[in-house]
Amino acid sequence: MAALQDEDGIRWKVQCRYRDVCGKNRRMTERGFARKSDAETWEDSFMRKAKGKACTMTLSAFIKVYEDDVRLSLRESAWQTKEHMLRSKVLLFLGDMRICDISNADVIRWHNELREMTTGKGKPLSGTYLRSIDSQLSAVLNHAVRHYGLQRNPVANVGRIGCKQADEKLFRTREEYLSFADAVANKPVSHLAFEILYTGETAGHTPYL
């Protein structure tokens, strides 16, 4: 159904009919859109999801579907970390592409863009942080493969970027450690854990890293 003017005569609403996963006919009403185009965009995304065709959405739109599906299963802090990486490091480059159109070559170019990015202090992103960013996009596309008909995950085809664990040599000097710590500063839990481990090592305790 088309977008309609809401009762207040200012905002817009959408009323649409769809069939749920049990085969029952349902009716959905969503209100509060500032513009008619916003209401139509929401309706299009909702109907694609309801019909199992979310893989034709842009990555930006599909991540909203992904959030609806997985957020309640995660701790809020975990979701906030995931959302930050997706917004600042993934959508910035690939957000306007339909997920079914993202190719191996697009992922390779994205990887190269990440390798060129730096922290606020001008240092390259650490290998572990690059791997974490890469994992976020891979998780979103795997979700689309499993549940929404996407044929393949191009991140899996290209191969991973970064590394799983930090090289212990990074922590031989305070300056080297601070370079690493800066790269994980936006992840408070991880940053605190590494700070505790490094402090214990430099105080003469048994090295943990």
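Residues numbered from 1 in each chain as written. Predicted model: local features only at pLDDT ≥ 70, side-chain atom pairs only at ≥ 80, totals over all residues. Heavy atoms only, no water.

J.: What is the right way to look at the overall build of the protein in this model?
T.: Within the protein, the regular secondary structure consists of eight helices and three strands. Ordered by position in the sequence, the α and β elements of the protein form the string β-β-β-α-α-α-α-α-α-α-α. When burial is assessed residue by residue, the protein has 35% of its 209 residues classed as buried. Restricting to contacts in the protein with at least 6 residues of sequence separation, those with at least 24 account for 55%. For the protein, the accessible area works out to roughly 12,400 Å², and carbon and sulfur atoms hold 51% of it. (Helix = DSSP H or I, 4+ residues; strand = E, 2+ residues; numbered from the N terminus. Buried < 20%, exposed > 50% of the residue type's maximum accessible area, 1.4 Å probe, protein only. Contact = heavy atoms within 4.5 Å. Areas by Shrake-Rupley, 256 points an atom, 1.4 Å probe, with all protein chains shown as cover.)

J.: Where do I start with the packing of helix H3 (residues 76–94) against helix H4 (residues 104–116) in this structure?
T.: Axis separation between H3 and H4 bottoms out at 11 Å; the angle between their running directions is 135°. The angle between H3 and H4 places the two elements in the oblique class. Viewed along their axes, H3 and H4 form a crossing whose handedness is right-handed. Here Lys-89, Val-90, Phe-93 and Leu-94 of H3 come into contact with H4, specifically with Asp-106, Trp-110, Glu-113 and Leu-114. By residue class, the composition of the contact of H3 with H4 is five nonpolar, no polar and three charged. (Axes fitted to C-alpha atoms, helices over the stretch in contact; angles between N-to-C directions. Parallel < 35°, antiparallel > 145°, perpendicular 65-115°, else oblique. Left-handed = near helix turned anticlockwise from the far one by under 90°. Nonpolar A, V, L, I, M, F, W, Y, C, P; charged D, E, K, R; others polar.)

J.: What is the right way to read the packing of aromatic side chains from this model?
T.: To describe a pair of aromatic rings, you give the distance between the ring centres and the angle between the ring planes. Taken as a whole, this structure holds two aromatic pairs when the rule is applied. Centroid distance Phe-62 to Tyr-148: 5.6 Å. Interplanar angle 80°. Geometry classified as edge-to-face. In this pair, Phe-62 sits in helix H2 (residues 59–70) while Tyr-148 sits in the loop between helix H5 (127–147) and helix H6 (154–158), placing the two residues 86 residues apart along the sequence. Seen from their ring centres, Tyr-66 and Trp-79 are 6.4 Å apart, and the 40° between their planes marks the pair as tilted. On the criterion of sequence distance, the pair formed by Tyr-66 in helix H2 and Trp-79 in helix H3 is long-range, its members being 13 residues apart. Across the pair, exposure class does not vary: Tyr-66 and Trp-79 are buried alike. (Phe/Tyr/Trp six-rings, centres within 6.5 Å; stacked < 30°, edge-to-face > 60°.)

J.: Where do I start with the packing of H3 against H5 in this structure?
T.: Two quantities define a packed helix pair, namely the angle between the axes and the distance from one axis to the other. Where H3 meets H5, the closest approach of the two axes is 10 Å, and the angle between their N-to-C directions is 80°. In terms of their interaxial angle, H3 and H5 are classed as roughly perpendicular. Of the residues in H5, those touching H3 at Lys-82, His-84, Met-85, Leu-86, Lys-89, Val-90 and Leu-94 are Tyr-129, Ser-132, Ile-133, Gln-136, Leu-137, Ala-139 and Val-140. Grouping the amino acids of the contact of H3 with H5 by side-chain chemistry returns nine nonpolar, three polar and two charged.

J.: Honestly, H3 in this entry has me stumped. Any pointers?
T.: An α-helical segment advances 3.6 residues per turn. Residues three or four places apart therefore align on the same side. Arg-87 marks the point of greatest bend in H3, at about 35°. Of the positions making up H3, those classed as buried are Trp-79, Lys-82, Met-85, Leu-86, Ser-88, Lys-89, Val-90 and Leu-94. If you follow the buried residues of H3, they end up packed against H2, H4 and H5. (Bend = angle between axes of the 7 residues up to and from the residue.)

J.: Can you walk me through the pattern of salt bridges in this structure?
T.: Any two side chains of opposite charge can pair, on the condition that their charged atoms come close. One pass over the full model with this rule turns up eight salt bridges. Note that Glu-76 and Arg-71 form a salt bridge whose closest N and O atoms lie 2.6 Å from each other. Given a relative accessible area of 42%, Glu-76 falls into the partly exposed group. Arg-109 is the salt-bridge partner of Asp-106, the closest N and O atoms lying 2.6 Å from each other. (Salt bridge = Lys/Arg side-chain N within 4 Å of Asp/Glu carboxyl O.)

J.: How should the side chain of His-111 be read in this particular structure?
T.: Note that His-111 resides in helix H4. For His-111, a relative accessible area of 3% translates into the label buried. Every residue in contact with His-111, bar those within four places of it in the chain, is listed here: Asp-134, Val-158, Gly-159 and Ile-161.

J.: How should I be thinking about the nonpolar core in this particular structure?
T.: Within soluble globular proteins, side chains that are nonpolar tend to cluster in buried spots. Counting 32 residues, the largest nonpolar core has Leu-59, Phe-62, Ile-99, Trp-110, Ile-133 and Leu-137 as the members making the most contacts within it. Mapped onto this core, the elements with two or more residues apiece are H2, H3, H4 and H5. (Core = buried A, V, L, I, M, F, W, Y, C linked by side-chain atoms within 4.5 Å.)

J.: Where do I start with the environment of Phe-46 in this structure?
T.: Position of Phe-46 relative to the elements: it lies in helix H1 (residues 36–50). With 19 residues separating them along the chain, Phe-46 and Val-65 place their C-alpha atoms 8.6 Å apart.

J.: Sorry if this is basic, but what is going on with the confidence of the model for the protein here?
T.: Overall, the prediction assigns the protein a mean pLDDT of 78, with 71% of residues at 70 or greater. Averaged over each element, pLDDT in the protein is lowest for helix H7 (residues 174–183) (53) and highest for H4 (95). This stretch, residues 167–172, has a pLDDT under 50; its non-local contacts, to residues over four places away or in other chains, come to 13 contacts. In the model, residues 200–209 has pLDDT below 50 throughout and makes eleven contacts with residues more than four positions away in sequence or in other chains. (pLDDT = per-residue confidence, 0-100.)

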